[in-house]
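So you can see what is in the structure, the chains are spelled out below.
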Amino acid sequence: MDIFFKNKTRLTNFFTTLLLLTAISVLSYNNPEKKGEQVLFKTDIAKDATPTVVARLLNANANPISEIKFEKGTYHFYPDKGFEKYCYISNHGDLMVKTPFPIFNMKDFTIDGQGSTFIFHGIIIPFLVDESKNITVKNLSIDWHEPFHSEGLIVAIDEKNKTFDMQISDEYPYEIRNNQIYFIKEYYEHNLGQSILFDPIRKAVTYNTQAYTSISTIERNSIKNNLDKIKYKYEHDNRAPEFKNIGTENRLIIEQLKPGLVRVYNHKKEMPPVGMILTMKGEQGINRVSPAFRVTHTNGFNATNVNIHHAGGMGIIAENSADLILDNFNITPSHGRMVSTTADATHFVGCRGKVVLKNCTFNNQLDDAMNVHGTYQKIVDILDDYSIGVRMMHHQQLGFVIGHENDNIGFVRLNNSFFPYNKATIKKTEYLNNRYQIITFNEKLPTDLKTGDLIENLDGYPDLLVQNCNIGNNRARGLLISNPLNTVIENNVFNTEMEAILVPVESGYWFESGNAANLIIRNNEFKDCQYGGHDRGVIRFVTDDDNENIAFKNIEISNNIFNQFDNLILEISNTDGLKFTGNTITNSGTFLMLHPINPALKIKHSKNILFKNNTYKGKANTVLETKEGMKKLNFN
């Protein structure tokens, strides 16, 4: 058994060293000897700071800057005079965006808000960082004048006629067109679209919200003619914006009873409880347009003492970058809103080096607190002995380049194994369009390579540390970890609507690569997670291919506290080598159980599993359930 955990000491020492290096690296960014002008912006630009900031940053090549400081105050940023750039952004909509902070090809550069608040207006990306090195942003707060979501208070329901009434405050202007509601913002609008309930007393997602939401906005249409005659030569993505409405029509009818009070007809789930707040953010696929930070192809990014109160997308989306450190980087709502960011708090795609999240709060966002993964791309052409054509599979991967010269690329055939069966190094990548690229390798391709196989970048994963963070009140999960290098999750508090920690192999929808190994989860507190209604474990290891192949290796879950209203704590599949030791499981009694027949732990398709020195004070009739054919396990 110990062979799977002999590197525990090495991992602990590694992350101790990593924290020391982090401290040293942060200090180095503040070196007074670095070259370039130190700029101070004063509050006389506060009514619209965009043109002044843009002008100075665009002149940085001719007149270098080492630091920009802002006199403490509240600054507004409008898109009208921002720098414009078309962006393909992972897990967001792809669009022409404007930014007041075009940080391109810069080095050893700091932005210090000195406690200022930055208010953004409309579709705008506050910080657009690309092809840069050692960038620091600190001591500032980010918010939007008008949010990208809208909220309505449920004031009445009619079970017989399947309607509910919703009071909409003056903060959320709207109009009704063709029996559909549209919320009107500065430079932006959205329909009802994706939605979820919040409890205004708990200021968190409503208990058992899955019974009521999402509000069922569409249904299959009944009238179609000759659609079966449309044939596609190449694979296409039915979820992409240009296809997603085919075969559907609006289900809901919205009627205004009086200004600010609307009635909603034809919702097919249970009626939402009176007193809850329905949060709405528009249609999936087109409702993520303004992340607060977008970082690409950058080595060394630090965000310290940064508060993000809202964004029309993620708090930060980082792609193909290295050594990212978020310290006291907080996502929390403002102005009494239920929602902070409308998507993930943090998201890292194809990042390497180190990724550190410490002393952070991630609350009330409409998706996960963190997601770390690579990207699967599909081989559609074998062009010669050295070259392949690959396709980006999800429409929110468009434009993503999988790796750099000499990166190790793994060839994967998931019906045989979750691990690469061979690998080669990149010689060059030819970008033909946002869906299709040609990759040429230094070595000959494997003789058994097939079209339909996937590729992943084996170098595009980080050493990950999540420490001393508070994660909760949000829609969806806490941490999604698809990282085969080294990961430590310690001293955090979780209170999430879905899984606190999800460890997936996801190859059929988002095509997010990476299967976890060398993962330590220790000294955390899990408080009433999975209260949204899903029948899943608080910590869950899962693959989207239902087979018995091993996907996860060398896992330690130790000295955690699980104070849970429901039974299911741990859900493990396809794992080789897991220690669950020194954990305490109790029943909180906070909510009624949603799935009382569940055991506390479910294990399948796994081996070398050890339970030791745990304390169980829960209410499950069966503590440990294993799939037939597995070696008998004892829980203690």
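Residues numbered from 1 in each chain as written. Predicted model: local features only at pLDDT ≥ 70, side-chain atom pairs only at ≥ 80, totals over all residues. Heavy atoms only, no water.

Draft legend 1. The overall build of the protein chain, seen in detail. For the protein chain, the helix and strand inventory stands at two helices and 54 strands. Relative to the compact-globule value of 26 Å for 636 residues, the protein chain shows a C-alpha radius of gyration of 25 Å, a close match. For the protein chain, the spread of C-alpha atoms along the three principal axes comes to 70 × 70 × 55 Å. Going through the 636 residues of the protein chain one by one, you find that 58% of them count as buried. Roughly 25600 Å² of accessible area belongs to the protein chain as shown, and the carbon and sulfur atoms make up 48% of that amount. Separation of charge centres in the protein chain, based on 67 positive and 71 negative side chains, amounts to 3 Å. (Helix = DSSP H or I, 4+ residues; strand = E, 2+ residues; numbered from the N terminus. Rg over C-alpha atoms; globule rule 2.2 N^0.38 Å. Buried < 20%, exposed > 50% of the residue type's maximum accessible area, 1.4 Å probe, protein only. Areas by Shrake-Rupley, 256 points an atom, 1.4 Å probe, with all protein chains shown as cover. Lys, Arg positive; Asp, Glu negative; His and termini not counted. Charge placed at Lys NZ, Arg CZ, Asp CG, Glu CD.)

Draft legend 2. Quick peek at the pairing of strand β31 (residues 387-391). With respect to burial, β31 is a largely interior element, five of its five residues being buried. What you see with β31 is no split at all: S387, G389 and R391 on one side and I388 and V390 on the other are buried throughout. Direction of pairing for strand β30 (residues 377-382) relative to β31: antiparallel, over a ladder of four bridges. Looking at the pairing, D381 lines up with G389 of β31. (Pairing = 2+ DSSP bridges.)

Draft legend 3. Here's a closer look at the nonpolar core. Counting 112 residues, the largest nonpolar core has F293, F301, F329 and I501 as its most contacted members. Broken down by element, this core gets its largest block of residues, five residues, from strand β9 (residues 133-144). Beyond its immediate stretch of four places on either side in the chain, F293 contacts F127, V137, I142, F301, V306, I308, G315, I316, I317 and F329. With 21 residues, the next largest nonpolar core counts I154, Y174, L197 and V262 among its residues. (Core = buried A, V, L, I, M, F, W, Y, C linked by side-chain atoms within 4.5 Å. Contact = heavy atoms within 4.5 Å.)

Draft legend 4. Up close: the sheet that holds strand β11 (residues 163-167). One open sheet holds the seven strands; their spatial order is β16-β15-β21-β10-β11-β20-β19, and the pairing between them is antiparallel. Pairing within the sheet leaves two strands with one partner each, and these edge strands are β16 (204-205) and β19 (253-258). With five bridges joining them, β11 and strand β20 (residues 261-265) adopt antiparallel strand pairing. The residue bridging Q167 from the neighbouring strand is L261, located in β20.

Draft legend 5. Looking closely at the side chain of T346. Note that T346 resides in strand β26 (residues 346-349). Engagement of the side chain of T346 in a polar contact is seen with the backbone oxygen of A369, the distance being 2.9 Å. Dropping the residues within four chain positions of it, T346 is found in contact with I316, L326, F329, L357, F362, D368, A369, M370 and N371. (Polar contact = N/O pair within 3.5 Å; in protein donor to acceptor, adjacent residues only side chain to side chain.)

Draft legend 6. Region of the structure containing the packing of aromatic side chains. By the definition in use, this model includes 34 aromatic pairs. For the pair F77 and F101, a centre-to-centre distance of 5.6 Å together with 45° between the ring planes defines the contact as tilted. With F77 in strand β3 (residues 74-77) and F101 in strand β6 (residues 101-104), this pair connects stretches of sequence that are 24 residues apart. For the pair F77 and F101, a shared accessibility class is recorded, and that class is buried. Ring centres of F127 and F293 lie 4.8 Å apart, and the angle between their planes is 10°; on these two criteria the pair is classed as stacked. Of the two residues, F127 sits in strand β8 (residues 127-130) while F293 sits in strand β22 (residues 293-296), which places them 166 residues apart along the sequence. Exposure remark for F127: the relative accessible area of 0% places this residue in the buried category. Residue placement shows K85 over the ring face of F104; its charged tip is 5.6 Å from the ring centre. In this arrangement the basic side chain of K553 is found over the ring face of F419, its NZ or CZ atom lying 4.8 Å from the centre. (Phe/Tyr/Trp six-rings, centres within 6.5 Å; stacked < 30°, edge-to-face > 60°. Lys NZ or Arg CZ within 6 Å of the ring centre and 35° of its normal.)

Draft legend 7. Geometry of helix α2 (residues 50-58). Within α2, the full set of buried residues consists of T50, V53, V54, R56 and L57. In an axial view of α2, the angular spread of the buried residues amounts to 165°, which keeps them on one side of the axis. (Arc of directions from axis to C-beta.)

Draft legend 8. Main features of unusual backbone geometry. The omega torsion across T213 and S214 is 5°, close enough to zero to call that bond cis. You will see that N91, though not glycine, has its phi angle at about 60°, which is positive. Of note in this structure, N491 is not a glycine but carries a positive phi near 60°. When you line up the elements, N491 lands in the loop between β39 (487-490) and β40 (493-495). The class of N491 is partly exposed, set by a relative accessible area of 35%.

Draft legend 9. Representation of a nonpolar patch on the surface within the structure. A cluster of nonpolar side chains, L227, I230, Y232 and I246, forms an exposed patch at the surface whose accessible area comes to about 370 Å². Tracing the backbone shows I230 in the loop between β17 (218-220) and β18 (248-250). (Patch = residues over 30% accessible without salt bridge, like charges linked within 9 Å, V, L, I, M, F, W, Y side chains within 5 Å. Salt bridge = Lys/Arg side-chain N within 4 Å of Asp/Glu carboxyl O.)

Draft legend 10. Representation of the pattern of salt bridges within the structure. Throughout the structure, instances matching the rule amount to 23 salt bridges. Between E171 and R337 there is a salt bridge; the shortest N-O distance is 3.4 Å. Taken as a pair, E171 in the loop between β11 and β12 (174-177) and R337 in the loop between β25 (322-331) and β26 lie far apart in primary sequence, 166 residues in all. Among the salt bridges present, the one from R522 reaches E490, with a minimum N-O distance of 2.8 Å. Taken together, the residues span a long stretch of sequence, with R522 in strand β43 (residues 517-522) and E490 in strand β39 at a distance of 32 residues. Taking the relative accessible area as the measure of exposure, E490 reaches 10% and is therefore buried. What you see here is one network of salt bridges that share partners, running through E499, R536, R540 and E571.

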